[in-house]
Amino acid sequence: MSNSRKRSIPMRDGNTGLEQLLAEDSFDESDFSEIDDSDTFSDSALEDDKIRPLSHLESDGKSPTSSDSGRSMKWSARAMIPRQRYDFTGTPGRKVDVSDITDPLQYFELFFTEELVSKITRETNAQAALLASKPPGPKGFSRMDKWKDTDNDELKVFFAVMLLQGIVQKPELEMFWSTRPLLDTPYLRQIMTGERFLLLFRCLHFVNNSSISAGQSKAHISLQKIKPVFDFLVNKFSTVYTPNRNIAVDESLMLFKGPLAMKQYIPTKRVRFGLKLYVLCESQSGYVWNALVHTGPGMNLKDSADGLKSSRIVLTLVNDLLGQGYCVFLDNFNISPMLFRELHQNRTDAVGTARLNRKQIPNDLKKRIAKGTTVARFCGELMALKWCDEKEVTMLSTFHNDTMIEVNNRNGKKTKKPRVIVDYNENMGAVDSADQMLTSYPSERKRHKVWYKKFFHHLLHITVLNSYILFKKDNPEHTMSHINFRLALIERMLEEHHKPGQQHLRGRPCSDDVTPLRLSGRHFPKSIPPTSGKQNPTGRCKICCSQYDKDGKRIRKETRYFCAECDVPLCVVPCFEIYHTKKKY
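Computed from a predicted structure; not experimentally measured.

Regarding the overall build of the chain
Scanning the chain from N- to C-terminus turns up 15 helices and 18 strands. For the chain, the proportion of its 585 residues judged to be buried stands at 54%. Residue pairs at least 24 apart in sequence account for 68% of intrachain contacts in the chain once pairs closer than 6 positions are excluded. Split by element, the accessible area of the chain, about 27,200 Å² in all, is 49% carbon and sulfur.

What to know about the pairing of strand β11 (residues 392–397)
Counting buried residues in β11 gives six out of six residues, a clear majority hidden from the surface. Neither face of β11 is left uncovered, since the one carrying E392, T394 and L396 and the one carrying V393, M395 and S397 both have all their residues buried. Note that strand β8 (residues 349–353) and β11 share three bridges and pair antiparallel. From the neighbouring strand, V351 faces β11, where its bridge partner is S397. As defined by bridge partners, strand β10 (residues 382–388) adjoins β11 across six bridges and the pair is classed as antiparallel. Across the sheet, the residue bridging to A384 is L396, located in β11.

Quick look at the nonpolar core
Membership of the largest hydrophobic core comes to 136 residues, with the highest contact counts inside it found for F158, F159, I226, W451, F455 and F456. Counting residues per element, this core draws most heavily on helix α13 (residues 451–474), at 13 residues. The residues contacting F158, other than those within four sequence positions of it, are M192, F197, L200, F201 and L204. Within the second largest apolar cluster, eleven residues are counted, among which are C541, I543, C544 and C566.

Section: the environment of L164
Within the element layout of this structure, L164 appears in helix α4 (residues 152–167). Given the relative accessible area of 19%, L164 is considered buried. Look past the residues within four positions of L164 in its chain and what remains in contact with it is L188 and I490.

Description of a nonpolar patch on the surface
A cluster of nonpolar side chains, namely Y561, V572 and V573, defines an oily patch on the protein surface of about 280 Å² accessible area. Mapped onto the fold, V573 is located in the loop between β18 (568–569) and α15 (575–581).

As for the sheet that holds strand β17 (residues 561–563)
Read across the sheet, three strands follow the order β14-β17-β18 without closing on themselves; strand pairing throughout is antiparallel. Edge positions in the sheet fall to β14 (525–527) and β18, since each of these pairs with one other strand and no more.

Points about the confidence of the model for the chain
When the pLDDT values of the chain are averaged, the result is 82; 84% of them are 70 or greater. Considering only residues more than four positions removed or in separate chains, one finds that residues 2–70, a stretch of pLDDT under 50, has 178 contacts. Every residue in residues 504–514 scores below 50 in pLDDT, and together they form 21 contacts with partners more than four places removed in sequence or on other chains.

Observations concerning the pattern of salt bridges
The final tally for this structure, using the stated rule, is 18 salt bridges. Among the ionic pairs, R94 bridges to D474, the shortest N-O distance being 2.9 Å. On the criterion of sequence distance, the pair formed by R94 in strand β1 (residues 93–94) and D474 in helix α13 is long-range, its members being 380 residues apart. Its salt-bridge partner being R492, residue E495 comes within 3.3 Å of it at the nearest N-O pair. Placement of the pair is E495 and R492 together in helix α14 (residues 482–497), with a separation of three residues, close to one helical turn. R492 matches E495 in its accessibility class, with the two residues each being buried. By sharing partners, the salt bridges in this structure join D103, R492, E495 and E496 into a single network.

Points about the packing of aromatic side chains
Geometry of an aromatic ring pair is reported as the spacing of the ring centres plus the angle between the planes. All chains considered together, the criterion is met by 21 aromatic pairs. Taking the centre distance of 5.1 Å and the plane angle of 10° together, the rings of F108 and F112 count as stacked. For the pair F108 and F112, a shared accessibility class is recorded, and that class is buried. Ring centres of Y241 and Y287 lie 4.8 Å apart, and the angle between their planes is 55°; this geometry places the pair in the tilted category. Residue Y241 is found in strand β2 (residues 241–242), and its partner Y287 is found in the loop between β5 (273–282) and β6 (288–293); the two are separated by 46 residues along the sequence.

Focus: unusual backbone geometry
Geometrically, the link from V573 to P574 is a cis peptide bond, its omega value of -5° lying close to zero. Position of P574 among the secondary structure elements: in the loop between β18 and α15. Of note, the phi angle at R347 is positive, near 50°, even though the residue is not glycine. Relative to the helices and strands, R347 resides in the loop between α10 (337–345) and β8. With a phi close to 70°, Q360 is a non-glycine residue in the positive phi region. Within the element layout of this structure, Q360 appears in the loop between β8 and β9 (374–379).

Section: the packing of helix α3 (residues 114–132) against helix α8 (residues 227–240)
In contact at an axis separation of 11 Å, α3 and α8 are set at 175° when each is read in the N-to-C sense. Between α3 and α8, the angle is such that the two are roughly antiparallel. Residues E115, L116 and K119 of α3 form the contact with α8, whose participating residues are P228, V229, F232 and L233. The residue inventory of the contact of α3 with α8, partitioned by class, reads five nonpolar, no polar and two charged.

Re the environment of T121
Mapped onto the elements, T121 comes out in helix α3. Accessibility expressed as a relative area gives 7% for T121, which makes it buried. On a C-alpha basis, the gap between T121 and L155 in space is 7.1 Å, while along the polypeptide they are 34 residues apart. Dropping the residues within four chain positions of it, T121 is found in contact with T150, D151, N152 and L155.

So, the packing of α4 against α14
At a minimum axis distance of 9 Å, the contact between α4 and α14 shows a crossing angle of 155°. The angle between α4 and α14 places the two elements in the roughly antiparallel class. In the packing of α4 onto α14, the handedness of the crossing is left-handed. Touching D153, K156, V157, F159, A160, L163, L164 and I167 of α4 are I483, R486, L487, L489, I490, M493, L494 and H497, all from α14. Classifying every residue of the contact of α4 with α14 by side-chain character gives twelve nonpolar, one polar and three charged.

What to know about the pairing of β10
Counting buried residues along β10, seven of its seven residues qualify, which places the element largely inside the surrounding structure. Residues L382, A384, K386 and C388 point to one face of β10 and M383, L385 and W387 to the other, with burial holding for every one of them. Strand direction decides the pairing type here: β9 and β10, joined by six bridges, are antiparallel. Looking across to β10, one finds that A376 is bridged to L385. Here β9 folds back onto β10 in antiparallel fashion, the turn holding two residues, of which G380 has a positive phi close to 60°.

Calculation criteria
- Residues numbered from 1 in each chain as written.
- Predicted model: local features only at pLDDT ≥ 70, side-chain atom pairs only at ≥ 80, totals over all residues.
- Heavy atoms only, no water.
- Helix = DSSP H or I, 4+ residues; strand = E, 2+ residues; numbered from the N terminus.
- Buried < 20%, exposed > 50% of the residue type's maximum accessible area, 1.4 Å probe, protein only.
- Contact = heavy atoms within 4.5 Å.
- Areas by Shrake-Rupley, 256 points an atom, 1.4 Å probe, with all protein chains shown as cover.
- Pairing = 2+ DSSP bridges.
- Core = buried A, V, L, I, M, F, W, Y, C linked by side-chain atoms within 4.5 Å.
- Patch = residues over 30% accessible without salt bridge, like charges linked within 9 Å, V, L, I, M, F, W, Y side chains within 5 Å.
- Salt bridge = Lys/Arg side-chain N within 4 Å of Asp/Glu carboxyl O.
- pLDDT = per-residue confidence, 0-100.
- Phe/Tyr/Trp six-rings, centres within 6.5 Å; stacked < 30°, edge-to-face > 60°.
- Axes fitted to C-alpha atoms, helices over the stretch in contact; angles between N-to-C directions.
- Parallel < 35°, antiparallel > 145°, perpendicular 65-115°, else oblique.
- Nonpolar A, V, L, I, M, F, W, Y, C, P; charged D, E, K, R; others polar.
- Left-handed = near helix turned anticlockwise from the far one by under 90°.

Below is the structure:
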């Protein structure tokens, strides 16, 4: 996801306004039917059997007939029916049990299950065998000669290193294992050697190439490289957690500049080139609940009454949430009055900004209005409202009216704004918020040549973000930040899955007593070496000195032994065993 700016409606302090809103959303004219202001809809269409809820639409993939999108809509200056929201009947919250809500690893493994890791392990080993079968290069040897089949535990350690590289960032992969003092990261060499990491990275694979079906577009063939992993994770995102009432649908762009059939160019986005996703997020938290990859005309989408691709994308994303009283917030890229009517017929409210050149927008709103004024028009359950502040902005809603409320602007002054705009600003920025949290710790390298491996990095980061959001929901009083959650998750992954012997080079022991290898490495007690001032030196036992006596005073006990690997003084019995077997002592 790109770090795009949050969309908001302008205040009176000089925001960029509707023109910026329109510029921020890319518009591929080939994806949409021709826009014609002359096409309008009638109020009688509300009862017309040609405008049907999504559940009654044909499943043969055909677009609605032209008569469905050619009927006129009669807009009036006042509402003819009561304005109210649907009752929310959904059951938001986590749907899968977690035995320890304080353990970040358990939340991560709700999505990255053993089933998924096993599949990646099989395909990675198969790809390595294929690469090893190729003849060596001109030098007569190949790096694949050193390959040994990986397993689930090593692959999880590999993922942990990938996450760590998003926090400790360096311009080139080889620099993470450099012994140059300016670049040295000795602890990483204790986890995995650079040679092994690069071999795993080269062989990382997700699907058997022979299973990729031909006869499709280049974009669809490309997507097959990662589609099983993408589908599996998106399905987990949707089944593990049910979002709250307010949801948002928006675009996201992952940077990629290499040759790729489905690559998009959006000049108004920060990254401009890349892989475009359509994302549905929970407005309150930014939890990514559903997503689609843009692959062009052949996308498998639900039908819509207006036949617009943008409407079909929205209906596909929210399909499993229809009929429960949800409210979906949209930007002007996805807005269509017929889409709003179709959502409303499926007991789903909708709010969003609108483009004046869209079909069925009332002509009264296409005229300029004075600053500080509003114009509202109603048609059945729909309201179209235009408000002028520094710029003009047009809104559509299925339950708002033209009520104005008093709010504080950026300068702290009181000002009046339509309630529909205030609600939109509070709920529309979920996708952009998720983008911002993801781009803080990116392990996706800008010069990554293999797009599907970079996309896997992206999916891994989205999984960690969703894990963090669920962790915070279950631990509302916990003060753990996003960065500390990632660090704790990496430590837990190494504690659970790192095996002795995976690393061949020793580095300087970490001074932090919460070292992941404390529970998994090979440790032996040794006598504390003599110093110039003391022949038989002692140190305070780490375990004993963490305890308190019956009077509440911390125990002080000296020992002549220590763990050379951890550089921690410990009594031989029983403290040495306790320190290396118990997480909490």
